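The residues making up each chain are set out below.
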Amino acid sequence: GATTTSPAEENEEEEEVGEVCVWCAGLNHTGGGEGGEPDVFLCDAAGCGRAVCERCIRSNLGGEAADAVREAEPWLCYVCEPAPLARLAKRCAALVARRNKISLKRSRREARWHAAAPAGRGVSDLPSRAFTSSQDLDDVDDGAAG
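Residues numbered from 1 in each chain as written. Predicted model: local features only at pLDDT ≥ 70, side-chain atom pairs only at ≥ 80, totals over all residues. Heavy atoms only, no water.

**Some remarks on the overall build of the protein chain**
Now for step 1: If you tally the helices and strands in the protein chain, you get five helices and three strands.
Now for step 2: Reading the protein chain from its N terminus to its C terminus gives the helix and strand order β-α-β-β-α-α-α-α.
Now for step 3: Here the protein chain, with 146 residues, has 25% of them falling under the buried criterion.
Now for step 4: Counting contacts in the protein chain only where the partners sit at least 6 residues apart, residues at least 24 apart contribute 58% of the total.
Now for step 5: For the protein chain, the exposed area adds up to about 9,200 Å²; of that, 52% sits on carbon and sulfur atoms. (Helix = DSSP H or I, 4+ residues; strand = E, 2+ residues; numbered from the N terminus. Buried < 20%, exposed > 50% of the residue type's maximum accessible area, 1.4 Å probe, protein only. Contact = heavy atoms within 4.5 Å. Areas by Shrake-Rupley, 256 points an atom, 1.4 Å probe, with all protein chains shown as cover.)

Shown next as structure tokens:
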């Protein structure tokens, strides 16, 4: 499977090659695998040297992805082989687009409000709608799937 390092090996080699997860920078490396630390998977691409910890893979891509990394031979990191991140990137783009659309609507509404508002009324008097409802996220998911 993918090349891993034990926590003891990681500490010895860290000074030499910096085997720290590129996602969490080692912040997730407490509690988890053997010795209380998660396994760190090293990219097998020539000259890459990137590492990703199992906890980050499980958190971001799920348990099946972490299991697949463990069994992969060779394993390429998500910079060298970004395909596993495509769904997340698409969802992120959809969320950003949705946020921008809401911000544009809010800006236009505020401009109309200021143009029509009597003196003394300000932006704090505007009704607001936060982008936190589950319906907003469902709308994004529906758009990202299509």
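**A short note on the packing of helix 2 (residues 54–61) against helix 3 (residues 63–71)**
Now for step 1: Closest axis-to-axis distance for the helix 2/helix 3 pair is 7 Å, and the angle between their directions is 140°. Compared by their axis directions, helix 2 and helix 3 come out oblique. Residues E54, I57, R58 and L61 of helix 2 form the contact with helix 3, whose own contacting residues are G63, A65, A66, D67, V69 and R70.
Now for step 2: When grouped by side-chain class, the residues that make up the contact of helix 2 with helix 3 number five nonpolar, one polar and four charged. (Axes fitted to C-alpha atoms, helices over the stretch in contact; angles between N-to-C directions. Parallel < 35°, antiparallel > 145°, perpendicular 65-115°, else oblique. Nonpolar A, V, L, I, M, F, W, Y, C, P; charged D, E, K, R; others polar.)

**Things to note about the nonpolar core**
Now for step 1: V52, I57 and W75 are the most contacted members of the largest nonpolar core, which totals 18 residues.
Now for step 2: Those elements that place two or more of their residues in this core are strand 2 (40–42), strand 3 (51–53), helix 2 and helix 3. (Core = buried A, V, L, I, M, F, W, Y, C linked by side-chain atoms within 4.5 Å.)

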